[in-house]
Every structure is written in C-alpha cells, then in structure tokens.
Amino acid sequence: MTVTGGGGGAAFNGGGRATASAHPFAGVPPEMRASVEELLKTEPDHAEPDVVFEHSRPDPDGARLNLRRLVRPYWPMALLAGVFVGAEALMLQAGPKLTQIGIDDGVMGKDNGALALVAGLYLVSLVVTGLAQAARVKVTGRIAASVMNDLRVRVFTQLQRLSLNFYTGEKTGVIMTRMTGDIENLQALLQEGLVQLAVQGLTIVIVTVILFTYDVQLALITIVLVVPVLTVLSLWFRRASGKGYLRVRDTVADVVADLSESLQGVRIVTAHNRQRRNTEHHRQVTGRYYDANVRTGRINSIYTPSTQVLGVAGQLALLAIGAGMVADGDLTIGELVAFLLYLGTFFQPIQQLVQMYNTYQQGQSSIVKLRELLSARPGVEEQPGAVDLPKIEGEIVFDDVTFGYLPDRPVIAGVSLHIPAGETVAFVGPTGAGKSTLAKLVSRFYDPTAGRILIDGRDLREVGIESLRRQLGVVPQEPFLFAGPLRDNIRFAAPDVSDDEVREALRAVGLVDVVERLPAGLDTVVQERGQSLSSGERQLVALARAFLAQPRVLVLDEATSNLDLQSEAKIEAALDVLLEGRTAILIAHRLSTAMKADRIVVVDEGRIVEVGAHDQLVTAGGRYSEMYATWTSQTAGVH
Ligand code: ATP
C-alpha cells in the first residue's frame, strides 16, 4: 500500500531526479573531479551489508543468531586475531623466565654478557608483545564494527518488515534499546570481551603448565592454599555481580523508556503542567539506576581487593616455603623469583576472567533479545507463491470476515460487503465499533482470522504485498510528516516525480498558494512529525501525497480535529478531486461527510447493521436515521 500519510521511520530518498535538477550545483564540475576522486580514496570503504528487503524472505538465521554465526563472515580476520592473541599470551610469559636467567646466570654467576643478552631479549619481547597487542586491537575493532554494522541493518530491515501488530505490542523505548544498548553490549563483547577471555584463559593454562614444570611441590601448595578460597570468592562475585548488572540493565531501560515517553508527549506534559511531577518521577527512575550502579560498585570493591590480598598472602606463604627450599638447595633464587612472578600472572587473569564474565553475560542476554526480535514473524506474511496483483479496477469484497486483535476476542464478526469499483462508501457508527479495523483489513495491515477480502476477485492473502500496496492509498486520521523538505514529504510514495507534478498535486488539494508564499517553497524544511505545519496543512499534504500516488483504491480516515470552516471546505474540495473515479472507503466521523458517499455502511459492535444511500437509510427509519436525527438537532442548535 502506498502509505500516503502515516507510520514508519523511513528516511527519504534524497537522490530522486527532481532534487538533483533542483540544485544548481548538482553533479561534480569537471575541474573539481580530480580532487573529489582523491578525497574518495581516503573515505572508509563500507562493505555493502548482505541484506535484501523482501516480504517473502524473512531474516535468514534470525532464530539461530549467535556469536559464531555473526563472526563467521569475518573468519580470516578472526583467525588473524587468534594468532595475535596466542602470540601476546606467550610473549607475556617470557618476562619471568628471562628474570630467572638474569638472576641465576647474570647476577649470581657474575656474567655481564648474559645479563646484557637477557636485557636485550626482554626489550624485544616487550616490543613484540606491544606490536601483537596493537595489531590484535585493530583487527578485533574492525571485526566488531563490521558485525555491528551488519546487525544494525539486519535489525532495521526486520523492523521495516514487521506488521502493525508487533508495534502495538512493543514499546518504542524497548525497540530503541535493542538498537542501542543491546547492540552496544555485543560490540563491547566482540571488541574486547571475547579477546580478553581468550588471552586470560590461555595465560592461565600456560602459567599452570609453567608452574608445574618449575616445581611440582610448590605448584601443588599454591593450588591447595589459594585456589579453594579464590574459587569461593569468584563464584560469589559471579552470582552477585550477575544479578547486579541485570538490575543495572533493567533500570537503565526504565530511564530510557521514561525519557522517550516524556519527549514524545512533551506537548501534553506542558499543557497539563506535569513538568514538576515528571521531573520528580524521573528522579526516582534515575535514582533506581543510581542505586543499581552503587551496588555493582560495592560488589567490585569487595572482590577486587580481596583477590589481590589473597594473591599477596599466597605469594608470602610461597616465599617462606620457597626460601626454605632455596636454603636446602632444592631451588635456585632465580627459579623462586620466576615462580613468584608467574604466580602474579596467574591471579590477574582469574580476576579479569570473572569480570569479563559479566560482559559475556550481558552480551549473551542481548543476543537472546535480538534473536527474539529477528525471528519475530510479521503478522501479515507474503505467501511463498504470491503473484503480483495486475492493475486493478478497484472492486472490494468482504466475504464473511471475522477478525480480532487478541485471540478469542473478535472485533469484526462475519462481515460481508460488496463495494463495486469506483464507489465511495462511508463507514459510520459509534466509537470502537470496528470501522478503522475494517479499513485496516482492506489495507492488509492485518489479515482476517476467518473469511476473505477480495480485490478484483483476488484474495488479498494470495497477492504480492508490494503490488497490492502500490495500488492502495491510505490517508490516516493524523497524517505523519517526516523531518525534511516539504517536497520529499509530498512525493513520499512516488519519490521520482518532478517538481511540476508535485505542484500539480498541491494545486489539486488547494495548497499551492500556501506553499508558494513560503520563502523556501518546496524546499521548506518540515520539522519532525510535521510540527511546523498546522493540522489542516498536514492533512492537505497527506491528501497531496495520495493524489501523487494515484492509487485505484483509497482508504481515508476522516480527521475529527476541529478545522476552521475555510480549511474544512478546502479539504472537502480536495477530497472531491481525489475521489473522482476511484474506489474509496471513508471512515466518517461527521455525517456531513458520510452523506456525500454513494453508500453508507453502519457498523456496530463489529457487524454491519445497515447499508444504503443516505436518503434510503433516512427513510428506512433504522439506526442511521436515529444518528441523522440526533445530528440534525445538534447542528440546528449550533446555528
Ligand atoms: P473510532 O470511531 O473511535 O475510531 P472505530 O470504530 O474505528 O472507533 P476500531 O479502531 O476499529 O474502532 O476499534 C474496534 C475495537 O478494537 C475497539 O474496541 C478497540 O478497543 C479495539 N482495538 C483497536 N485496535 C486495537 C489493537 N491494536 N489491539 C487491541 N484492540 C484494539
């Protein structure tokens, strides 16, 4: 459908030909081409993400999203990072061994040549470690950035694909958190977390092997003295901080949700003087976030120094035992010093591993959330063999249609209606009767639970979604305008049309004078959601959009907003032009609009209770005639 006035957050296609021709400096002048090409060479090259938007092709592997699959396309780089990680972990262990040789051969053996050699090798090992680290950081940074870029595009594509039922069930703030917080969690994990896990894990293994090769007795003493306490401490930390960070994530989501809601409702907040109350509420929300942060800080402040004290205590005990062994001649001084140094490098990775575990945990829970989002199936799905709808005449048939937003709660029950091509039908009825729902079913925002809707004899479920939407237009009750030039807002459904065509549409809806009076004309920048335009102007822009799209079938949700008489007259005149020769469904809130339709359909509690032309229904003396009598008495009172 050509959503001519509503929904979504899509950006404009700024490269349409009308924009290009409208800019006097469009294109690159020949004398500047060389320098532009020079500049382009220095631009970072963004690999085209492998995402194609197709209704019939849901996200590949969305349900099986995991780290391995995300990194797989970049496996050569991951392999390279692995090599650097291995080199780094190995080189870090050269220090204590060189110290041992320096002490035993150089200092104790009074061999200056050996001492100089050791010092030289130490320097080389430091340089190599530094280089390996730098290379590793660069490669993992690149992998993380690429994976995140792919993922962002994938999530956005999925959000474009999902149907309305998803958006009514999920808060905007939560969806935004998936795109920001969750993806950033993963970035932290990919950039540093996984590598640190590998470096530290590898270091622990290497150091354990080294400790045992140095002295089995000392190694065993170390394990008995230190490992049990360290294990208990680490298990406590893992549990406490896991809970703590979960609370941090929950509370930060609350902060974002509260912020986004107040921003979206800023007008109502201001109008109802809720600023002070909102500030107090936000202070409570951020207070909970603050508390959660303080708690994790406290947990860290217990764990980190405790493990350090434990490490030092272990080293002291081993120093005492080792000194005895040196005195007995079982161990050289150099070996003892090396052993103690290795022990130091044994503790550090354990501490870091446990802390990394939190990053890992956060990344994993983000993966779970993103997996849920990516595997969500659109409520309206294109059938695999769906054929494109050829150019339609516009005949619409509701064939015993039943529909409910929630299971077992039908909002539309057994509706059958035939709308011949070219007819204008007005849906009227009490609020909540199901008028908009019927219109949404025609637009295929939802599929019926039972029964069928046919356009030109074809079941909507069996046709290609894009081919259907190209030929349908929707003007919602509150038109949505995107931040950007007015021109792009008007040609939203047909981005390639020329300025002349845009002006013709504006003329058709009676807006051309207004636009021509604007200093920037069609280039006038509309603020977010079209806030810089009046509601009547927004409505007319939405009608101009529909006019440009030239759909065969139009669904119009009439605005209830109180327009002044002149604007109302303008909109009615615009409608007359727009509806000419098209099939139209009008959701009429004012009987003055309904009266103009070829036929009026009275809807109540999800059923059609009356159908007929205005005069027919008035004389029939049914529900419509009651509504009409009430309306005429009210309008008589007004005048
Ligand atoms: P109005 O004249 O006030 O616009 P309407 O006749 O157009 O009303 P609908 O919007 O079709 O009424 O709503 C019909 C019923 O479906 C109402 O009871 C409404 O509460 C319910 N409803 C509408 N949208 C949803 C939704 N997304 N989820 C659940 N229930 C919904």
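Residues numbered from 1 in each chain as written. Predicted model: local features only at pLDDT ≥ 70, side-chain atom pairs only at ≥ 80, totals over all residues. Heavy atoms only, no water.

How do you make sense of the overall build of the protein when you look at a structure like this?
Within the protein, the secondary structure is distributed over 22 helices and 13 strands. When the 639 residues of the protein are sorted by exposure, 42% land in the buried category. Surface summary for the protein: the accessible area is close to 33200 Å², and the carbon and sulfur share equals 59%. (Helix = DSSP H or I, 4+ residues; strand = E, 2+ residues; numbered from the N terminus. Buried < 20%, exposed > 50% of the residue type's maximum accessible area, 1.4 Å probe, protein only. Areas by Shrake-Rupley, 256 points an atom, 1.4 Å probe, with all protein chains shown as cover.)

Could you clarify how one ought to interpret the nonpolar core in this entry?
Soluble, globular proteins show a tendency: their nonpolar side chains are buried together. With 46 residues, the main nonpolar core has Ile490, Leu506 and Leu543 as its most contacted residues. For this core, the leading source of residues is helix α18 (residues 535–549), giving eight residues. Excluding residues within four positions of it along the chain, leucine 506 makes contact with Ile490, Leu511, Val512, Val515, Leu522 and Ala544. By size, the runner-up hydrophobic cluster in this structure holds 32 residues, among which are Ile396, Val425, Ile587 and Val603. (Core = buried A, V, L, I, M, F, W, Y, C linked by side-chain atoms within 4.5 Å. Contact = heavy atoms within 4.5 Å.)

Would you take a moment to explain the pattern of salt bridges for this structure?
Opposite charge on two side chains lets them pair, provided their charged atoms get close. Scanning the entire structure with this criterion turns up 11 salt bridges. Across the pair arginine 444 and aspartate 447 runs a salt bridge whose closest N-O atoms are separated by 2.8 Å. Aspartate 447 matches arginine 444 in its accessibility class, with the two residues each being buried. A salt bridge links arginine 623 to aspartate 604; its shortest N-O distance comes to 2.6 Å. With arginine 623 in helix α22 (residues 623–638) and aspartate 604 in strand β12 (residues 599–604), this residue pair connects regions lying 19 residues apart in the sequence. Its relative accessible area of 30% is what places arginine 623 among the partly exposed residues. Judged by relative accessible area, which is 17%, aspartate 604 ranks as buried. Bridged by salt links that share partners, the residues Arg487, Asp499 and Asp523 form one connected network. (Salt bridge = Lys/Arg side-chain N within 4 Å of Asp/Glu carboxyl O.)

Help me out: how do you make sense of the side chain of glutamine 100 in this one?
In this structure, glutamine 100 sits in helix α5 (residues 94–108). Exposure remark for glutamine 100: the relative accessible area of 9% places this residue in the buried category. Leave out the neighbours within four places in its chain, and glutamine 100 touches Asp105, Tyr214, Gly334, Glu335 and Ala338.

Any chance you could explain the confidence of the model for the protein here in plain terms?
Caution applies to low-pLDDT regions: their predicted coordinates should not be interpreted in detail. Residue-level pLDDT values for the protein average 80, and 87% of them are 70 or greater. Below a pLDDT of 50 lies the segment residues 1–27, which in the model reaches 65 contacts outside its immediate sequence neighbourhood of four places, other chains included. (pLDDT = per-residue confidence, 0-100.)

Would you mind going over the site of the ligand with me for this structure?
In the vicinity of the ligand lie 12 residues, with Thr431, Gly434, Lys435, Ser436 and Thr437 positioned nearest. The separation between an oxygen atom of the ligand and a polar main-chain atom of glycine 432 is 2.8 Å. Contact distances for the ligand include 2.8 Å between an oxygen atom and a backbone N or O atom of glycine 434. In the complex, 64% of the free accessible area of the ligand, which totals 630 Å², lies under the protein chains. At three residues, the largest contribution of residues to the shell around the ligand is made by helix α13 (residues 435–442). Taken together, the residues of the shell around the ligand sort by class into four nonpolar, seven polar and one charged. (Near = heavy atom within 4 Å. Polar contact = N/O pair within 3.5 Å; in protein donor to acceptor, adjacent residues only side chain to side chain. Nonpolar A, V, L, I, M, F, W, Y, C, P; charged D, E, K, R; others polar.)

For this particular structure, what's the right way to read the packing of helix α16 (residues 499–508) against α18?
Packed helix pairs are characterised by how far apart their axes lie and by the angle those axes make with each other. Interhelical geometry of α16 versus α18 gives an angle of 125° and a closest axis separation of 9 Å. Taken together, the axes of α16 and α18 are oblique relative to one another. Two packed elements cross with a definite hand, and for α16 against α18 that hand is right-handed. Touching Glu501, Val502, Glu504, Ala505, Leu506 and Ala508 of α16 are Ala544, Phe547 and Leu548, all from α18. Here the contact of α16 with α18 is built from residues that sort into seven nonpolar, no polar and two charged. (Axes fitted to C-alpha atoms, helices over the stretch in contact; angles between N-to-C directions. Parallel < 35°, antiparallel > 145°, perpendicular 65-115°, else oblique. Left-handed = near helix turned anticlockwise from the far one by under 90°.)

Looking at this structure, I do not really get the packing of helix α4 (residues 75–92) against α5. What am I missing?
For the pair α4 and α5, interaxial distance at closest approach is 5 Å and the crossing angle is 25°. Here α4 is positioned roughly parallel relative to α5, judged by the angle of their axes. In contact with Leu90, Met91 and Leu92 of α4, α5 contributes Ala94, Gly95 and Pro96. Considering only residue class, the contact of α4 with α5 consists of five nonpolar, one polar and no charged.

What's the story with the environment of leucine 374 in this structure? I'm lost.
Among the secondary structure elements, leucine 374 is positioned in helix α12 (residues 333–375). Once the C-alpha coordinates of leucine 374 and alanine 63 are considered, the two residues, 311 residues apart in sequence, prove to be 6.7 Å apart. Sequence-distant contacts of leucine 374, that is, excluding residues within four places in its chain, are made with Asp59, Gly62, Leu65, Leu151, Arg154, Val155 and Gln158.

Could you clarify how one ought to interpret the pairing of strand β5 (residues 450–455) in this entry?
Two faces belong to every sheet, and in a regular strand the side chains alternate between them. Here strand β2 (residues 396–403) pairs with β5 via five bridges, running antiparallel. Its bridge partner lying in β5, isoleucine 396 is registered against isoleucine 455. Sheet topology places β5 next to strand β6 (residues 458–459); two bridges connect them, and they run antiparallel. Within the sheet, the bridge partner assigned to isoleucine 455 lies in β6 and is arginine 458. Hairpin connection, β5 to β6: the antiparallel pair is bridged by two residues, and aspartate 456 has positive phi, about 50°. (Pairing = 2+ DSSP bridges.)

Help me out: how do you make sense of the environment of arginine 64 in this one?
Here arginine 64 is to be found in the loop between α2 (30–42) and α3 (67–71). With relative accessibility at 48%, the residue arginine 64 sits in the partly exposed group. When the C-alpha positions of arginine 64 and isoleucine 367 are compared, they lie 9.9 Å apart, and in sequence the two are 303 residues distant.

I'm lost on the sheet that holds β5 in this one. Help?
Remark on secondary structure: sheet strands pair via backbone hydrogen bonds, oriented parallel or antiparallel. Overall, antiparallel pairing links the four strands, which are arranged β3-β2-β5-β6 in an open sheet. Two strands bound the open sheet, and with one partner strand each, they are β3 (412–419) and β6. Across five bridges, the pairing between β2 and β3 is antiparallel. Note that in β3 the partner of valine 397 across the bridge is histidine 418.

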